[in-house]
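# Fold and geometry: a report
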Amino acid sequence: MKFLLLLCIVLYFKDSTAQTINWNGKDDSYFKIENDQIIKYQLPGNVAKVFLTLENLKPLDSDTPLKVRDYAVSSDENLVLIYTNTRKVWRLDTRGDYWIYDVARKSLKQLGQGLPESSLQFAKIDPTGKNVAYVSESNLYSESISDGKIAQLTHDGNRKLINGTFDWAYEEEFACRDGFQWSPDGTHLSFWQIDAEKIRDFYMINNTDSVYSQIIPIEYPKVGYSPSPARIGVIELATEKLDWLPIPGEPDQHYLPRMEWNSANTLLVQQLNRKQNESRIFKINIPDLNVAAIYNETDQAWIDVLSSWDNVYGLTFRHEIKWINKGKEFLWLSEKDGWKHIYRIDMDGKEKLITKGAFDVMNLLGVDEKENWIYFHASPNNATQKYLYRTRMDGKGKLEKVTPQGLEGLHHYEFSPNAAYAIHQFQNNYTQPLREWISLPKHQVLNQKESISQNITSKQQDKNVEFFQITIEDNVTMDGWMVKPKAFDETKKYPVVFYVYTEPWGANVKDGFGIGYNRLYDGDMAEDGYIYISLDNRGTPVPKGREWRKSIYRKVGQLNISDQAAAAKQIAEWGFVDPDRIAVWGWSGGGSATLNLLFQYPEIYKTGIAIAAVADQLTYDNIYQERYMGLPQENLQDFIDGSPVTHAKNLEGNLLYIHGTGDDNVHYANADILVNELIKHGKLFQIMPYPNRSHSISEGPGTTAHLRKLFTDYLKNHCPPGGI
């Protein structure tokens, strides 16, 4: 139910250049892909040197260099792992071919010889530089770098029994894709095994590529159904001996979203119960498989595994534990005191609060143990913005803002391993993204000519977005943005188009460049005479404290909808708003909100365009829906009350419903369920199915242009633009 346009916005706030950086564990140098070559940069001067040339990337008997999708450099910089010829697996292209380049010997060799083309996943060089491990067709392999000898370490993998990677639900909801890790000494491999044998397949149907329909099965655990059992195994490479960790509990009633080696003999594993409101951390001693629970946390709603500011759709994203104090402690985020704060926890589970006060830590960025600093994103005074803050990592310091004064908006930082340097990116609603290199702890710019201050004027545009707040009942204040018509006349009345998402997965109101732009509108909404608005209700993951975010528990489709409607009701009373021309649109969770707003508050919303919406909450996956709504076996009525299909009989306005029939995320079955209910109640509407398109509705020639025209024509016909 994660809205794909929201993804585009989130990625827009991150520095796309920074995503290609490979720090390789050092602060004074890093690697980047440029012009299909791998370049090494030396700091602080940012002096560039070609590390791997196009000539180096040419296989024997080929004049064409490999196209590098991703890469990894060994700690001694003698081996380079090249990822190429990739294929998409659900969200990302996590299958492909891997090659290894030996810098000293200037030799390039393909890994996995004899295995199917583009079948290798998540290849990693061991810490000793002797072996590479990877997954192919749900089995784990190791390969000797020196002689190319391949050892198949698991033999039972198939579509339903998955070794070293994950099923659809774990990938979608926990961002778990890379499912194995080397021990620090390179002697063992730990890995997840997901058993989806008991998970029923959901069938998508391809009716266009053959005269006979083709069935596409997905192991998809619906809400109310038990999860795929997961377990973690450890393989000793020398003997290929496999041990399964004896983690307590029923495997089909909990999740294992995080695993991390602490030392050659010790693993940490995080376990979430099925409701995801209890988290336990286990310490496992590998030689004797002794399991000890060292940390426990509960929440009346749910416990977040992911940060809303993490780039969970990054190709190499992994749930890494940040170790400090030579591995004797690690850092952890928790909302246990009502705000998201950083704790340091030792290997016996003793904790110490580092950040203190009525503010949220958005995400952890870096640690400078030598100077006793911990760095993080936060915005205590404005939930639409983001800045760099720090405090003393011993917990004795005060909150300090590091981002220089005078630049209000979104500041994003990518830190070097030990926080000596960072890439600083800035943007706001009228300033295109700018970036500079800085040194820490003083936030000094490395190159003034490339600094933000020197180049900001050339990146600024006229302001067209207004940020505002609306206070509704219960003294709830919602942030919003608004784009008014270009020829705005306050004596006239204009139509309003609301853009919504509203669910706990994402927020819309952020002070970044491109906010207020509707990519589905074929033209300029402001030029044509629309007021365009978005609001963040309670439950959205913004830095306003735990109570704000968790108040939506078991109320998705209710609290978020009533908040939005209460704000829209006030807006409809503004003197320059035409209350008879109020439209709303959204995608995925925003599509669900659109339907609920249109059905539950027909007196406010006259036109709605819902894309890829969940019509019935009981159709969605268990990890997402049970996290925010509980178990339908215990509180079924909450699911019913929050589902658009329950309220479809109330439709009075204009509805356009759009869905891809190949949507593996929010299944097209939702369209059929909703259509049946609307027909039953004699409601007229329009529907547009896109054959075989996924949740993004982006595949196939002409699709995006068609969707934009469809969206725009419907909006103009049913909610005409312009002041009257």
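Residues numbered from 1 in each chain as written. Predicted model: local features only at pLDDT ≥ 70, side-chain atom pairs only at ≥ 80, totals over all residues. Heavy atoms only, no water.

## Side note on the overall build of the protein
Assigned secondary structure in the protein consists of twelve helices and 42 strands. Its C-alpha atoms give the protein a radius of gyration of 26 Å, near enough to 27 Å, the size a compact globule of 724 residues would have. Here the C-alpha coordinates of the protein stretch approximately 75 × 60 × 60 Å along the principal axes. Long-range pairs, those at least 24 residues apart, make up 60% of the contacts in the protein between residues at least 6 apart in sequence. Element-wise, carbon and sulfur atoms account for 47% of the exposed surface of the protein, whose accessible area totals about 29,000 Å². (Helix = DSSP H or I, 4+ residues; strand = E, 2+ residues; numbered from the N terminus. Rg over C-alpha atoms; globule rule 2.2 N^0.38 Å. Contact = heavy atoms within 4.5 Å. Areas by Shrake-Rupley, 256 points an atom, 1.4 Å probe, with all protein chains shown as cover.)

## Structural notes on the UniProt feature "domain: Peptidase S9 prolyl oligopeptidase catalytic" (unreviewed entry) in the protein
Under the present numbering, the feature "domain: Peptidase S9 prolyl oligopeptidase catalytic" (unreviewed entry) in UniProt falls on residues 525–718. Helix makes up 44% of residues 525–718 and strand 18%, whereas the separation of the span's terminal C-alpha atoms amounts to 15 Å. (UniProt positions renumbered as here; feature names shortened; annotations may be inferred.)

## What about the nonpolar core?
Judged by nonpolar contacts, the single largest core of 50 residues is most densely connected at Tyr170, Phe174, Leu245, Leu256, Leu267, Val269 and Trp505. Secondary-structure elements contributing two or more residues to this core are helix H2 (168–174), strand E14 (188–195), strand E17 (230–236), strand E19 (254–263), strand E20 (266–273), strand E21 (278–285) and helix H8 (622–629). Look past the residues within four positions of Leu245 in its chain and what remains in contact with it is Ile232, Val234, Leu267, Val269, Ile284, Ile286 and Leu289. Within the second largest apolar cluster, 45 residues are counted, among which are Ile472, Leu597, Leu598 and Ala671. (Core = buried A, V, L, I, M, F, W, Y, C linked by side-chain atoms within 4.5 Å. Buried < 20%, exposed > 50% of the residue type's maximum accessible area, 1.4 Å probe, protein only.)

## So, the environment of Ile324
Along the polypeptide, Ile324 turns up in strand E23 (residues 322–324). According to the relative accessible area criterion, Ile324 is buried, its value standing at 0%. Separated by 54 residues in sequence, Ile324 and Gln270 have C-alpha atoms that sit 18 Å apart. Excluding anything up to four places from it in sequence, Ile324 contacts Glu329, Phe330, Leu331, Arg344, Val367, Glu369 and Met393.

## Here we look at the sheet that holds strand E1 (residues 29–34)
Taken in spatial order, the three strands line up as E1-E2-E3 in an open sheet, and their pairing is antiparallel. The open sheet is flanked by E1 and strand E3 (47–52), the only strands paired with a single partner. Put simply, the sheet's adjacent strands are angled 35 degrees from each other on average, direction ignored. (Pairing = 2+ DSSP bridges. Axes fitted to C-alpha atoms, helices over the stretch in contact; angles between N-to-C directions.)

## Regarding the pairing of strand E37 (residues 494–499)
Counting buried positions along E37 gives six out of six residues, so the element sits mostly inside the fold. Where E37 meets strand E39 (residues 577–587), five bridges bridge the pair, whose relative direction is parallel. Within the sheet, the bridge partner assigned to Tyr499 lies in E39 and is Trp585. Across three bridges, E37 lies against strand E38 (residues 531–536) in parallel orientation. Paired with Phe498 across the bridge in E38 is Ile533.

## Some points on the environment of Val614
The topology assignment puts Val614 in the loop between strand E40 (607–611) and H8. Put simply, Val614 and Ile673 are 59 residues apart on the chain and 9.9 Å apart in space, counted from C-alpha to C-alpha.

## Let's talk about helix H12 (residues 703–718)
Between its terminal C-alpha atoms H12 stretches 22 Å, which fits the 22 Å expected from 16 residues at 1.5 Å a residue. The complete set of buried residues in H12 reads Thr703, Leu707, Leu710, Phe711, Thr712, Tyr714 and Leu715. Residues of H12 that are buried in the fold lie against E37, helix H4 (525–528), E39, E40, strand E41 (654–660) and strand E42 (686–690). (Expected span 1.5 Å × (residues − 1).)

## Some remarks on the pattern of salt bridges
Counting across every chain of the model gives 36 salt bridges. Lys26 is the salt-bridge partner of Glu77, the closest N and O atoms lying 3.3 Å from each other. Residue Glu77 is located in the loop between strand E4 (70–73) and strand E5 (79–89), and its partner Lys26 is located in the loop between helix H1 (4–12) and E1; the two are separated by 51 residues in the primary sequence. Overall, Glu77 belongs to the buried group, its relative accessible area being 12%. (Salt bridge = Lys/Arg side-chain N within 4 Å of Asp/Glu carboxyl O.)

## Re the sheet that holds strand E25 (residues 341–346)
The strand order E23-E24-E25-E26 describes an open sheet built from four strands, whose pairing is antiparallel. Edge positions in the sheet fall to E23 and strand E26 (351–353), since each of these pairs with one other strand and no more. Adjacent strand axes in the sheet meet at a mean angle of 35 degrees when their direction is disregarded. With six bridges connecting them, strand E24 (residues 329–334) and E25 associate as antiparallel partners. By the bridge assignment, Glu329 is partnered in E25 with Asp346.

## Remarks on the pairing of E3
On any regular strand, side chains alternate: one points to one face of the sheet, the next to the other face. Summarising the sheet, strand E2 (residues 37–42) and E3 pair through five bridges and their orientation is antiparallel. Bridging across to E3, Gln42 finds its partner in Val47. Linking E2 to E3, which pair antiparallel, is a turn of four residues; within it Asn46 sits at a positive phi near 55 degrees.

## Here we look at a nonpolar patch on the surface
On the surface, Tyr203, Ile205 and Ile215 cluster together to form a nonpolar patch covering roughly 330 Å² of accessible area. Mapped onto the secondary structure, Ile205 falls in strand E15 (residues 201–206). Overall, the relative accessible area of 44% leaves Ile205 in the partly exposed class. (Patch = residues over 30% accessible without salt bridge, like charges linked within 9 Å, V, L, I, M, F, W, Y side chains within 5 Å.)

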